[in-house]
Amino acid sequence: MEKLTEFDVAEYLDTEELREGYLELVAKEGTQEELLKAISDVARARGMSKTAKAAGMSRMGLYKALSPEGNPAFSTVWNILHSIGYTLTPTPIAKAL
């Protein structure tokens, strides 16, 4: 019997265009937890050590902040986003008619 490996989206986020589209979609349509997971996926795709260093934190601290049990401060999320080349841009939420 063949052993199946778990799907890891980070393995497929190999271009900046894919990473950007992924983050944009999850930011618009996902939950807070899903957005943190997407940020984690992009960070892993770019390299956790590189991302942690750019964010001014340890690699283990980065994993902890982005884990499902993590509850990172806004400043931590801000620093991580900047380290992977993104920022937050407030946009109005479409109101239902």
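Above this note sits the structure.
Everything quoted here is computed from the prediction, not taken from an experiment. Each residue is numbered by its place in its chain's sequence as written, counting from 1. Totals for whole chains, interfaces and linings use all residues, but because this is a predicted model, local features are given only for residues with pLDDT of at least 70 and pairs of side-chain atoms are given and counted only at 80 or more. Derived side-chain values reflect all non-hydrogen atoms in the structure, with water molecules and hydrogen atoms excluded from consideration.

### A few points about the overall build of the protein
The test is simple: A helix here means a DSSP run of H or I that spans at least four residues, while a strand means a run of E at least two residues long, and both kinds are numbered starting from the N terminus. Throughout, exposure labels follow a simple rule: accessible area from a 1.4 Å probe, protein chains only, divided by the maximum for the residue type, with under 20% read as buried, over 50% as exposed, and the rest as partly exposed. Here a residue-residue contact requires only that any non-hydrogen atoms of the pair lie within 4.5 Å. Per-residue and other accessible areas follow the Shrake-Rupley method at a 1.4 Å probe size, with only the shown protein chains counted as cover for residues. Neither His nor the chain ends is counted toward charge; the positive residues are Lys and Arg and the negative residues Asp and Glu. The atoms used to mark charge sites are NZ of Lys, CZ of Arg, CG of Asp and CD of Glu.
For the protein, the helix and strand inventory stands at 5 helices and 0 strands. Starting at the N terminus and ending at the C terminus, the protein contains elements arranged as α-α-α-α-α. Overall, the C-alpha framework of the protein stretches about 55 × 40 × 25 Å when taken along its three principal axes. The proportion of buried residues among the 97 residues of the protein is 29%. Taking the intrachain contacts of the protein between residues at least 6 apart in sequence as the baseline, contacts between residues at least 24 apart amount to 46%. Of the roughly 7,400 Å² of accessible surface on the protein, 57% is carried by carbon and sulfur atoms. Here the protein carries 11 positive and 14 negative side-chain charges, and the mean point of each set is 8 Å from the other.

### Remarks on the packing of helix α3 (residues 48–55) against helix α5 (residues 74–83)
Note the following rule: Between N-to-C directions, angles cover 0 to 180 degrees, with each direction set by a line fitted to C-alpha atoms, over the stretch in contact for helices. Comment on the angle field: the value is read as roughly parallel under 35 degrees, roughly antiparallel over 145, roughly perpendicular from 65 to 115, and oblique elsewhere. Handedness of a crossing follows from how the near helix is turned relative to the far one, being left-handed for an anticlockwise turn of less than a right angle and right-handed for a clockwise one. Each residue gets one label: Ala, Val, Leu, Ile, Met, Phe, Trp, Tyr, Cys and Pro are nonpolar, Asp, Glu, Lys and Arg are charged, and the others, such as Gly, are polar.
Axis separation between α3 and α5 bottoms out at 8 Å; the angle between their running directions is 120 degrees. Comparing their axes, α5 and α3 come out oblique. Crossing handedness for the pair α3 and α5: right-handed. When α3 is examined against α5, the residues Thr51, Ala54 and Ala55 are found in contact with a partner set consisting of Asn79, Ile80 and Ser83. Broken down by class, the residue content of the contact of α3 with α5 amounts to 3 nonpolar, 3 polar and no charged.

### Section: α5
Using the following cut-off: Regarding the arc, it is the one traced by the directions from the helix axis to the C-beta atoms.
Within the span of α5, buried status applies to Val77, Ile80, Leu81 and Ser83. Buried residues of α5 fall within an arc of 160 degrees about the axis and therefore sit on the same side. Tucked into the core, α5 has its buried residues touching α2 (32–46), α3 and α4 (59–66). Directly beyond the C-terminal end of α5, a positive phi value near 95 degrees is found at glycine 85.

### Considering α3
Helical geometry: 3.6 residues make up each α-helical turn, so side chains three or four residues apart lie on a common side. For α3, the full list of buried residues reads Met48, Thr51, Ala52 and Ala55. The buried residues of α3 occupy an angular sector of 100 degrees when the element is viewed end-on, so they sit on one face. Summarising the geometry of α3, the exposed residues directed more than 90 degrees from the buried face are Lys50, Lys53 and Ala54.

### Description of the side chain of arginine 19
What counts, and what does not: We define a polar contact as two N or O atoms separated by no more than 3.5 Å, with the added condition that, inside protein, one atom must be a possible hydrogen donor and the other a possible acceptor, whereas residues neighbouring each other in sequence contribute only through side-chain atom pairs.
Tracing the backbone through its elements, the reader meets arginine 19 in helix α1 (residues 16–29). Relative accessible area serves as the criterion here: at 11%, arginine 19 is assigned to the buried category. Reaching out from arginine 19, the side chain makes a polar contact with the side chain of glutamate 16 at a distance of 3.1 Å. With residues near it in sequence (within four places) discarded, arginine 19 still touches Leu13, Asp14, Val42, Ala45, Arg46 and Tyr86.

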